[in-house]
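Here is how the chains run, residue by residue.
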Amino acid sequence: VTARAQLQNSEAESVFNTLEVAYSPTTMNVNFGIDLKLKLNSIGAEWSQARALPLGFPLYVHYGVGLQYTMGKMEIFASDSKLNILSAKVPVNLMYVFEIPNTNLSLMPYAGLNSRCNILAQSKDKEGLDDSGQEKIVTTDLLSKDDMGNEPFNRFVFGWQVGAKVSYDRFLLGI
C-alpha cells in the first residue's frame, strides 16, 4: 500500500497540476526452498498534469514524471545486504472525475501505464574482515552484467497501475 498526499493547482477546469510526495513501505518473506526476507522503504516526489479530453464528459489524460529512492535490507541464506535504488518514473493514465454534488469533493479513479528507469541499484554486503581487521564491505551494481552475470536487474520496467484519488479543494489523497 502506498500513501500519497498531493497539492493541486487548477489552471482551468480542463487542466490541473499536482505535486505528489509518497512513502511506500514493503515487507516480504519467502520460505519456498530459500529463506528470503525483504524490507524496503521508498520515498518519492512526482509532478503530474491532467488535461481534459474534448469528449463532453470529465475524462482526463493524466501524465507526469517523478523520482523514487528505495532503501532497505534483504536477508537471504543468513546473508545480509543493504539495498539502494534510485528510479525515474513516467506514468500515463486515463482518469474520470466524479463531482459530488453540493460539496467540494471529487472522486477520481484512474488506470494506465507506468514506466520506470532504474538509474542506480546497489547492494552492500559484509564479507568478513580485511587485513587490518576492519569489516570488509563489498558493493555490487545490481544493473551491471559484470557484477550480476546474466541476471542483472532490469534498467527499464513497464507496467500498469490502477488507483483512485479524492479531491477536497486544493488537496488530493490517493491510493
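The structure contained in this document is the topic of the report that follows. The structure presented is a predicted model; accordingly, all values stated were derived computationally and were not measured.

What follows covers the pairing of strand E10 (residues 171-174). Only one face of E10 is buried: it carries Leu-172 and Gly-174, and the other face, with Phe-171 and Leu-173, is open. Between the end of strand E9 (residues 156-168) and the start of E10, which pair antiparallel, lie 2 residues, with Asp-169 showing a positive phi angle near 55°.

Under the counting rule described, the total for this entry stands at 2 salt bridges. Of the charged contacts in the structure, one is a salt bridge between Lys-89 and Glu-46, with a shortest N-O distance of 3.7 Å. On the criterion of sequence distance, the pair formed by Lys-89 in strand E5 (residues 79-96) and Glu-46 in strand E3 (residues 36-52) is long-range, its members being 43 residues apart. Relative accessible area serves as the criterion here: at 12%, Lys-89 is assigned to the buried category. Note on Glu-46: relative accessible area 8%, which makes it buried.

The subject of this paragraph is unusual backbone geometry. Even without being a glycine, Asn-102 presents a positive backbone phi close to 60°. Here Asn-102 is to be found in the loop between strand E6 (98-99) and strand E7 (105-129).

Reading the values: rules and limits
- Residues numbered from 1 in each chain as written.
- Predicted model: local features only at pLDDT ≥ 70, side-chain atom pairs only at ≥ 80, totals over all residues.
- Heavy atoms only, no water.
- Buried < 20%, exposed > 50% of the residue type's maximum accessible area, 1.4 Å probe, protein only.
- Helix = DSSP H or I, 4+ residues; strand = E, 2+ residues; numbered from the N terminus.
- Pairing = 2+ DSSP bridges.
- Salt bridge = Lys/Arg side-chain N within 4 Å of Asp/Glu carboxyl O.

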